[in-house]
Amino acid sequence: MTAETSRDLTIAEVRLTPILIADPPLLNTQGVHQPYTPRLIVEVVTADGTTGVGETYGDTKYLELARPFAAKLIDRRLTDLNGLFTVADEVAVDRSRVHDQVDVGGLRGVQTADKLRLSVVSAFEVACLDALGKALGLPVHALLGGKVRDAVEYSAYLFYKWADHPEGVVGEKDDWGAALDPAGVVAQALTFKERYGFTSFKLKGGVFPPDEEIAAIRALAEAFPGHPLRLDPNGAWSVETSLRVARELGDVLEYLEDPALGTPAMAEVAAKTDVPLATNMCVTTFAEIQEAFTRGAVQVVLSDHHYWGGLRNTRELAAVCRTFGVGVSMHSNTHLGISLAAMTHVASTVPNLHHACDTHYPWQSEDVLTERIAFEGGRIAVPDAPGLGVTLDRDKLAALHRRWLDDDGTLRDRDDDAAMRVADPGWVAPVMPRW
Ligand SMILES: O=C([O-])C(=O)C[C@H](O)[C@@H](O)C(=O)[O-]
Ligand SMILES: [Mg+2]
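The name an unreviewed UniProt entry gives the chain is glucarate dehydratase, with Streptomyces yaanensis as the organism. Its UniProt record gives the chain a comment under Cofactor (unreviewed entry), which states: "Mg(2+)".

Put into structure tokens, the structure is as follows:
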């Protein structure tokens, strides 16, 4: 009898714990991060008592899908990962909550019912893989076919930021200080390097007029000669502005990320510059690949394993990218260690991963794990322990859930515009292109 057949890997219980996690006042083209952001922690428990954990976006529209989805998993086999997609199709999406337009709050491209469902599926897929790995005594990367590298490289994700959340807003104090000009950005990059050893740097742009952001990248290039640099204004620029920035920074950029909004605009930019274009906005689903690749709109796709539907779909995306000679790497949004571990496992198995992955994790002072995940030299060692190789800290989870319960509802949905209006009551989310 194999280890698997000797155990009862029927899903007996699924626990969903929405939480609010502290987030610093990071600026983007839509506004500023709220002091707390919602995440959902998923636990899948088998009949023989093996537990696996997953994590995804925790806004109300995700919770509303995750709850009926979780109920449908009871009595299903843990190993039926393909079946998760069939189950997801059976869960109704409240279409009034889905905008067939750019998801301005999340800056994650067009939001569709499918993308919502896939973001929910991803947390359950990760939890099932974690439990399966624990049951079999194998790390998640082994379940994905095996790691092809022992460590995964991440880039420092630099943000313009305020020192504190606006006056009157309750939030955790962070120790990063403000970064609102080129000197502040360089100081932040130095701190990232000192604390985590990162050697590649991405600046979240679209916050200040392009010339100021050009100056910030120039300052980074001077401070870190020869290091890979990226600038991501989340589609805030016109085609002309994108081309001007590409001309001015072409000698120092590894790539420009979503300079203009949408595949047609990205294709126009790509046709007139040699600077590679990356995206986590115009190619966010399999359905968007054909147009973008045939038009040559993007040279690197940044997978967010949440909205691509999990780790196995991320590998499928990597295979499609490989076929078309398009690069692949990873994007992240405000997240905790479970998602970082999941990213690290899948990234370790992708042969054509030639760019350091993004992670917001250093901005998160809180986690639900017993131990924070450590970076060394900007890399995370790929865990070989069974499952994801992480342990849930129930006290921390309960405390963050308590914060979610105590919230009056205002922070349960990420809303960068609303957060900006606290500081600037006249703020209106900019219409793109902004510059
Ligand atoms: O690479 C990206 O586009 C992101 O990380 C999207 C995020 O929503 C980011 O803009 C943020 O958290 O402000
Ligand atoms: Mg991006």
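Now that the structure is up, let's keep going.
### Points about the nonpolar core
Core analysis: the largest hydrophobic core is formed by 125 residues, its most contacted members being V120, F124, A127, F201, M266, V298 and V301. Considering each element in turn, this core owes the most residues, 13 residues, to helix α3 (residues 113–136). Setting aside chain neighbours within four positions, we find F201 in contact with S155, A156, L158, A189, L220, F224, H227 and L229.

### Some remarks on the site of ligand 1
Close to ligand 1 lie eleven residues; N28, L107, D232, N280 and H331 are nearest. Among the residues forming the shell around ligand 1, the class breakdown is two nonpolar, seven polar and two charged.

### Remarks on the confidence of the model for the chain
Per-residue confidence for the chain gives a mean pLDDT of 95, with 95% of residues at or over 70. In the predicted assembly, ipTM is 0.99 and pTM is 0.96.

### Here's the deal with the domain arrangement of the chain
For the chain, the assigned domains are domain 1 (11–140 + 394–407) and domain 2 (145–381). The centre of domain 1, based on its C-alpha atoms, is set 22 Å off from the matching centre of domain 2. Opposite the 39 residues of domain 1 that make contact, domain 2 presents 47 residues. When residues of the side of domain 1 that touches domain 2 are traced back to their parent elements, those giving at least two are β1 (11–22), β2 (27–28), β4 (36–46), β5 (51–57), α3 and α12 (394–406). Sorting elements by how many residues they give to the side of domain 1 that touches domain 2 places α3 first, with nine residues. Here the side of domain 1 that touches domain 2 is built from residues that sort into 22 nonpolar, nine polar and eight charged.

### Regarding unusual backbone geometry
Here M432 and P433 are connected by a cis peptide whose omega angle stands at -10°. With respect to the helices, strands and loops of the structure, P433 is situated in the segment after α13 (416–423). Of note in this structure, D75 is not a glycine but carries a positive phi near 80°. Along the chain, D75 turns up in the loop between α1 (60–73) and α2 (83–89). Positioned with a positive phi, D258 is a non-glycine residue whose angle comes to about 40°. Following the sequence through the fold, D258 ends up in the loop between β9 (253–257) and α8 (263–271).

### Section: the packing of helix α6 (residues 210–223) against helix α7 (residues 239–249)
For any two helices packed against each other, the geometry comes down to the angle between their axes and how far apart the axes lie. Running from N to C, α6 and α7 point in directions that differ by 25°, and their axes come no closer than 11 Å. One way to sum up the angle between α6 and α7 is to call them roughly parallel. The two elements α6 and α7 cross, and the hand of that crossing is right-handed. The residues of α7 that touch α6, namely those facing P210, I214 and I217, are T241, V245, E248 and L249.

### Some words on the pairing of strand β8 (residues 229–232)
What you see with β8 is no split at all: L229 and L231 on one side and R230 and D232 on the other are buried throughout. Sheet analysis places strand β7 (residues 201–204) next to β8, joined by four bridges and oriented parallel. Paired with K204 across the strands is D232, a residue of β8. In the classification by handedness, the crossover that spans β7, the intervening α6 and the parallel β8 is right-handed. Across three bridges, β8 lies against β9 in parallel orientation. For L229, the partnering residue across the bridge sits in β9 and is L253. Regarding topology, α7 serves as the crossover connection from β8 to the parallel β9, and that connection is right-handed.

Definitions and cut-offs
Residues numbered from 1 in each chain as written. Chains lettered and ligands numbered in written order. Predicted model: local features only at pLDDT ≥ 70, side-chain atom pairs only at ≥ 80, totals over all residues. UniProt positions renumbered as here; feature names shortened; annotations may be inferred. Core = buried A, V, L, I, M, F, W, Y, C linked by C-beta atoms within 7 Å. Buried ≥ 20, exposed ≤ 12 C-beta atoms within 10 Å, placed from the backbone. Helix = DSSP H or I, 4+ residues; strand = E, 2+ residues; numbered from the N terminus. Contact = placed C-beta atoms within 7 Å. Near = placed C-beta within 6 Å. Nonpolar A, V, L, I, M, F, W, Y, C, P; charged D, E, K, R; others polar. pLDDT = per-residue confidence, 0-100. Domains from an automatic or database assignment. Axes fitted to C-alpha atoms, helices over the stretch in contact; angles between N-to-C directions. Parallel < 35°, antiparallel > 145°, perpendicular 65-115°, else oblique. Left-handed = near helix turned anticlockwise from the far one by under 90°. Pairing = 2+ DSSP bridges. Right-handed = clockwise from strand over helix to strand, strands pointing away.

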